[in-house]
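The lines below spell out each chain.
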Amino acid sequence: MRRFLKWLLRLGLVAVVLTAGLLSPVAYNELVCIPQAKPETYEPILPPEHRRDESRTLMTYPEWHIVHAYDDYAQVISAGDPHEFGYMQAIGGYWSSLCALSHESAEHGGFTSESKQTIYVIGVSFTAELLAKASYEETLGRLAAWWRGPERAPLDDLSADQARAYAQFLQQVPWYKWDFDGDREDLATNATDSLRDRERRFALGVEYGAKAAYARVIEDAVAQVGADELTLRMIVDGISEDALRTMGTVEVIGPVKGGLEIETPRYRELTHILQQMAEAGAEFVEIAGNDEIMFTALSQAEEVGGAIHSFARQGYGDSRHLIMVNVTDLAEKLRQMQAATGVDRLRLEHIHDY
C-alpha cells in the first residue's frame, strides 16, 4: 500500500509539472505581452450587425499558425522523416507570434477575453500534441527510420501525401471535418510487412484514431454553439457592379457612403477575392467595419520593414512576415507585391479577416 501511494504521489507530481509547463506560455503572455488597450477612433460606415472587432484580424493568426505548421511538416516529410521536423520551433513560433500580436492588439481594441479563451486552449492543445509527437518520433520513430535505411517505405510516402492533403484541406475547412478514419484505413490497406511500414501503421494509426475521436467531440460541441459566420461585408470603390458580379461568390448589396457594399466569403477564399479585386482596379474603403487589416507574406528576406513579427518557415528556406496595413492602402500594396521582382520580393500568403 505504501509503495502504491509513493507511485501515486510521483505520478501526481509529474502531472503537476507537465500541466505547469503547458500553461507557462499562457502565464507569460498574460504577464508580459499585453499592454493596456487604447481606444479606437475610427468611425465605421457599415451598420453594427456587419462589424467585427478589429483585433480579430490579429487573433485569427494563431489558428493559421497551426495550419502553416502542418504545411511545414508536410514539406519536411515529403523527402525526409518526421524526426527532422522542428517540433519545438513550431511550438515556439506559436507563442512568440502570439506575444507580438498581443502587444499589437493594444492599438486595435485589445486582446479580448473571448479570443484568449480560444487561443490559449488551442495553443496548449497544439503544444501538447507536438510534444507527444516529438517524444515518439525522436525516439522510436527515429530508430525505425534508422533500421529502414535510406530507401523510403511505402507508408513513408503515403503518410507524406496524407499530411500534404490535410494541410491543404485546413486552408478553408475546420480540422475536425477531416476523415482521419479514412487515412487510418489507407495505412492498413497499403502497408507491407517491412518493419518501417508496421511501425508507421501502428504509430500513425494511434494518432489518427485519437484525432478522429477528438474531432467527433469538437464537431458535436460546435453544433451546440453554432459555427462562425462564413461571410463578411465590406465597402469597395473604383470598380463597377458588373465587374464585381463576374467574380462568382461576390454579392453586391448596393451603393453606400464611400462606394459599394458587398458580401464575400471569409477565410482562404477571401484572400483570392481581394487579390482579384485589387488587380481589377478596386480600392477597399472598409472591411467588416474596420480601417486596418493584417496579412502574411513570404520572402527570402529574414526581416522586412514594418512587420509585426517575422520568422523562418521549415522546409521552404524562406520566412513569413506578419504585416498590418490600412484597409485603404491594401489594394495598392497587393498590386505592388504582384508587380515586384527580385529575390527579396514579398509574396502574398494570406489576408486575415476578422
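Now for a look at the structure at hand. Please read these numbers as outputs of a predicted model, since none were measured by experiment.

### Re the overall build of the protein chain
Part 1: In terms of helices and strands, the protein chain carries 11 helices and eight strands.
Part 2: Referenced to the eigenvectors of the C-alpha coordinate spread, the extents of the protein chain come out at roughly 75 × 50 × 40 Å.
Part 3: Expressed as a percentage of its 354 residues, the buried residues of the protein chain come to 45%.
Part 4: Looking at the protein chain alone, contacts between residues at least 24 apart form 77% of all its contacts between residues at least 6 apart.
Part 5: When the accessible area of the protein chain is evaluated, it comes to approximately 17,900 Å², of which 57% is carbon and sulfur surface.
Part 6: Here the protein chain carries 33 positive and 54 negative side-chain charges, and the mean point of each set is 9 Å from the other.

### Brief notes about the pattern of salt bridges
Part 1: Counted according to the given criterion, the structure contains 27 salt bridges.
Part 2: The shortest N-O distance in the salt bridge between Arg-148 and Asp-156 comes to 2.8 Å.
Part 3: On the basis of relative accessibility, which here comes to 4%, the residue Asp-156 falls in the buried class.
Part 4: One continuous salt-bridge network, built from bridges that share partners, spans Asp-81, Glu-129, Lys-133, Glu-137, Arg-148, Asp-156, Arg-196, Glu-199, Arg-200, Glu-207 and Lys-211.

### Digging into the state of the cysteines
Part 1: What the rule picks out here adds up to one disulfide.
Part 2: Between Cys-33 and Cys-99 runs a disulfide, and the two sulfur atoms are separated by 2.1 Å. Taking the sign of the S-S torsion, -95° for the link of Cys-33 and Cys-99, the bridge is left-handed. Of this pair, Cys-33 sits in the loop between helix 1 (2–32) and helix 2 (56–59) while Cys-99 is found in helix 4 (residues 87–105), placing the two residues 66 residues apart along the sequence.
Part 3: Of the residues examined, Cys-33 reaches a relative accessible area of 0% and is grouped as buried.
Part 4: On the basis of relative accessibility, which here comes to 14%, the residue Cys-99 falls in the buried class.

### Looking at the sheet that holds strand 4 (residues 283–287)
Part 1: Here four strands make up an open sheet; going across it, the order is 2-3-1-4 and the pairing antiparallel. Lying at the two open borders of the sheet, with one neighbouring strand each, are strand 2 (251–256) and strand 4. Neighbour-to-neighbour, the strand axes of this sheet turn through a mean angle of 30°, independent of strand direction.
Part 2: Pairing analysis gives six bridges linking strand 1 (residues 231–237) to strand 3 (residues 259–265), with the strands arranged antiparallel.

### Notes on the packing of aromatic side chains
Part 1: Enumeration over the complete set of coordinates arrives at 13 aromatic pairs.
Part 2: Plain terms: the ring middles of Phe-85 and Tyr-87 are 5.1 Å apart, the flat faces sit at 80° to each other, and that makes the pair edge-to-face.
Part 3: Look at Phe-85 and you get buried, because its relative accessible area is 3%.
Part 4: Residue Tyr-87 is classed as buried on the basis of its relative accessible area of 3%.
Part 5: Linked through ring pairs, Tyr-70, Tyr-166, Phe-169, Trp-175, Tyr-176, Trp-178, Phe-180 and Tyr-214 together constitute an aromatic cluster.

### What to know about helix 3 (residues 61–77)
Part 1: Across its 17 residues, helix 3 extends 24 Å between first and last C-alpha, which sits within 8% of the 24 Å expected from 1.5 Å per residue.
Part 2: Within helix 3, 15 of the 17 residues are buried, which leaves the element mostly enclosed by the surrounding structure.

### Details of the nonpolar core
The nonpolar side chains of a soluble globular protein tend to be buried with one another.
Part 1: Ranked by size, the top nonpolar core spans 48 residues in total, and within it Trp-95, Leu-98, Leu-101, Met-294 and Ile-308 carry the most contacts.
Part 2: With 10 residues, helix 3 is the largest single contributor of residues to this core.
Part 3: Once you skip the residues sitting within four places of it in the chain, Met-294 turns out to touch Thr-57, Leu-58, Tyr-61, Leu-101, Ile-308, Leu-322, Ile-323, Met-324, Ile-351 and His-352.
Part 4: Counting 34 residues, the second-largest nonpolar core is a separate cluster that includes Leu-232, Ile-239, Leu-260 and Ile-323.

### Some words on the layout of surface pockets
Part 1: Quantified by volume, the second largest pocket comes out at close to 210 Å³.
Part 2: Lining the second largest pocket are 14 residues, with Glu-40, Arg-52, Asp-53, Glu-54 and Asn-290 positioned closest to its centre.
Part 3: Residues that form the lining of the second largest pocket fall into these classes: two nonpolar, six polar and six charged.

### Examining the pairing of strand 7 (residues 319–326)
Part 1: Counting buried residues along strand 7, seven of its eight residues qualify, which places the element largely inside the surrounding structure.
Part 2: Where strand 5 (residues 292–299) meets strand 7, eight bridges bridge the pair, whose relative direction is antiparallel. Bridge pairing in strand 7 links Ala-297 to His-321.
Part 3: Connecting the antiparallel pair strand 6 (residues 307–312) and strand 7 is a turn made up of six residues, with Gly-315 showing a positive phi of about 85°.

Rules used throughout
- Residues numbered from 1 in each chain as written.
- Predicted model: local features only at pLDDT ≥ 70, side-chain atom pairs only at ≥ 80, totals over all residues.
- Heavy atoms only, no water.
- Helix = DSSP H or I, 4+ residues; strand = E, 2+ residues; numbered from the N terminus.
- Buried < 20%, exposed > 50% of the residue type's maximum accessible area, 1.4 Å probe, protein only.
- Contact = heavy atoms within 4.5 Å.
- Areas by Shrake-Rupley, 256 points an atom, 1.4 Å probe, with all protein chains shown as cover.
- Lys, Arg positive; Asp, Glu negative; His and termini not counted.
- Charge placed at Lys NZ, Arg CZ, Asp CG, Glu CD.
- Salt bridge = Lys/Arg side-chain N within 4 Å of Asp/Glu carboxyl O.
- Disulfide = S-S within 2.5 Å.
- Pairing = 2+ DSSP bridges.
- Axes fitted to C-alpha atoms, helices over the stretch in contact; angles between N-to-C directions.
- Phe/Tyr/Trp six-rings, centres within 6.5 Å; stacked < 30°, edge-to-face > 60°.
- Expected span 1.5 Å × (residues − 1).
- Core = buried A, V, L, I, M, F, W, Y, C linked by side-chain atoms within 4.5 Å.
- 1 Å grid on protein atoms, 1.4 Å probe; cavity = no way out; pocket = protein on both sides within 12 Å on 5 of 7 lines; lining within 4 Å.
- Points joined across faces, edges and corners; volume = space filled by probe spheres on them.
- Nonpolar A, V, L, I, M, F, W, Y, C, P; charged D, E, K, R; others polar.

In short, geometric facts, not functional conclusions.
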